[in-house]
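Structural overview for review
Residue strings, one per chain:
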Amino acid sequence: MRPTFWQRLDTFARHQVPMVTTLLLVLVAIIPSHVPGLVRIGPMLSLIAVYYWAAHRPDLMGYGVVFAVGLLEDTISGAPLGIGSLVLLVVHAGVLHQYKFFNGKSFTVTWGAFVLVAGGASLLRWLSISAVNGALVSPEAPFYAYLMTVAMYPVIGWLLVRLHIALLRDV
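Here's a quick rundown of the structure. This one's a predicted model, so the numbers in the text were calculated from it and none came from an experiment.

For the protein, the helix and strand inventory stands at nine helices and zero strands. The N-to-C order of helical and strand elements in the protein reads α-α-α-α-α-α-α-α-α. At 17 Å, the protein has a C-alpha radius of gyration in line with the 16 Å of a compact globule built from 171 residues. Each of the three principal axes of the protein carries a C-alpha extent, and together these read 60 × 30 × 30 Å. Taking all 171 residues of the protein together, 33% fall into the buried category. Within the protein, counting contacts between residues at least 6 apart in sequence, those at least 24 apart form 77% of the total. Approximately 9,700 Å² of the protein is accessible, and the part contributed by carbon and sulfur atoms is 71%. Of the charged side chains in the protein, 10 are positive and 6 negative, and the gap between their average positions amounts to 9 Å.

Within a pair of aromatic rings, the relevant descriptors are the distance that separates the centres and the angle that separates the planes. The tally for this structure, following the rule as stated, stands at 11 aromatic pairs. Between Tyr-51 and Phe-102 the ring centres are 5.5 Å apart and the planes differ by 90°, which places this aromatic pair in the edge-to-face class. With Tyr-51 in helix α4 (residues 45-56) and Phe-102 in helix α7 (residues 99-102), the pair connects residues that are 51 residues apart, well separated along the chain. The exposure class of Tyr-51 is buried, given its relative accessible area of 0%. Its relative accessible area of 4% is what places Phe-102 among the buried residues. Ring geometry for Phe-107 against Trp-111: centres 5.7 Å apart, planes inclined by 35°, an arrangement best described as tilted. Of this pair, Phe-107 and Trp-111 are both found in helix α8 (residues 107-133), four residues apart, which corresponds to roughly one turn of the helix. A relative accessible area of 39% means that Phe-107 is categorised as partly exposed. With a relative accessible area of 29%, Trp-111 lands in the partly exposed category. Here the aromatic residues Tyr-51, Phe-101, Phe-102, Phe-107, Trp-111, Phe-114 and Tyr-153 are joined through ring pairs into a cluster of three or more.

Over its 15 residues, helix α6 (residues 83-97) runs 21 Å from end to end, which matches the ideal 21 Å to within 8%, given 1.5 Å per residue. By the burial criterion, the buried members of α6 are Ile-83, Gly-84, Ser-85, Val-87, Leu-88, Val-91, His-92 and Val-95. On its buried face, α6 is in contact with α4, α5 (63-77), α7 and α8.

A few words now on the nonpolar core. Nonpolar side chains in soluble globular proteins generally cluster together in the buried interior. Counting 34 residues, the largest nonpolar core has Leu-47, Tyr-51, Trp-53, Val-95 and Phe-114 as its most contacted members. Where this core is concerned, the elements lending two or more residues are α2 (17-29), α4, α5, α6, α8 and α9 (140-168). Those residues in contact with Phe-114 that sit more than four places away from it in its chain are Leu-47, Ile-48, Tyr-51, Thr-149, Val-150 and Tyr-153.

One pass over the structure, following the stated rule, counts two salt bridges. Arg-14 is the salt-bridge partner of Asp-10, the closest N and O atoms lying 2.9 Å from each other. In this pair, Asp-10 and Arg-14 both sit in helix α1 (residues 5-15), four residues apart, roughly one turn of the helix. Under the relative-accessibility criterion, Arg-14 is labelled partly exposed at 23%. The partner of Asp-59 in a salt bridge is Arg-57, and the shortest N-O contact between them spans 3.0 Å.

Before going further, it helps to examine a nonpolar patch on the surface. On the surface, a cluster of nonpolar side chains totalling about 450 Å² of accessible area is made up of Val-20, Leu-24, Leu-27, Ile-30, Leu-72 and Ile-76. Contributing elements (two or more residues each) for the nonpolar patch: α2 and α5. Considering each element in turn, the nonpolar patch owes the most residues, three residues, to α2. Take Leu-72: its relative accessible area is 33%, and that puts it in the partly exposed class.

About the cut-offs
Residues numbered from 1 in each chain as written. Predicted model: local features only at pLDDT ≥ 70, side-chain atom pairs only at ≥ 80, totals over all residues. Heavy atoms only, no water. Helix = DSSP H or I, 4+ residues; strand = E, 2+ residues; numbered from the N terminus. Rg over C-alpha atoms; globule rule 2.2 N^0.38 Å. Buried < 20%, exposed > 50% of the residue type's maximum accessible area, 1.4 Å probe, protein only. Contact = heavy atoms within 4.5 Å. Areas by Shrake-Rupley, 256 points an atom, 1.4 Å probe, with all protein chains shown as cover. Lys, Arg positive; Asp, Glu negative; His and termini not counted. Charge placed at Lys NZ, Arg CZ, Asp CG, Glu CD. Phe/Tyr/Trp six-rings, centres within 6.5 Å; stacked < 30°, edge-to-face > 60°. Expected span 1.5 Å × (residues − 1). Core = buried A, V, L, I, M, F, W, Y, C linked by side-chain atoms within 4.5 Å. Salt bridge = Lys/Arg side-chain N within 4 Å of Asp/Glu carboxyl O. Patch = residues over 30% accessible without salt bridge, like charges linked within 9 Å, V, L, I, M, F, W, Y side chains within 5 Å.

Rendered as structure tokens:
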């Protein structure tokens, strides 16, 4: 039996959940706070979303979406264009390459792997920014951003799991 228009629309909307949640996290990450210097050390929420969706629903988070999210994040945050895309694409490709490792693992294992992935992503981001600037940038802000990202993973991961179960379990 052929699905109705509304069933196809529902399936299409559900397939957009990874992209929409990642874009929303980009916007949340850049919301101005009135704490001096917090923008520089804020968590990389888009990294959490790309990691989660690549590990759990890679069929719904393609390279084009990851590239566009990174470019949007760079544009909004004022970072050198392409660095966010580079970092997110490398993370996405790395997680996809290890998809069998992530499949069915406990939260503790995926969080532990995220700690390593986020460390590599932070290092790549810091090196890329240093290369664009032509001199080594102080590693202090990227290190604190890394710590904030790792600390935020359980909260954001829990929200993404809830969305995944609620909206994507049947798709």
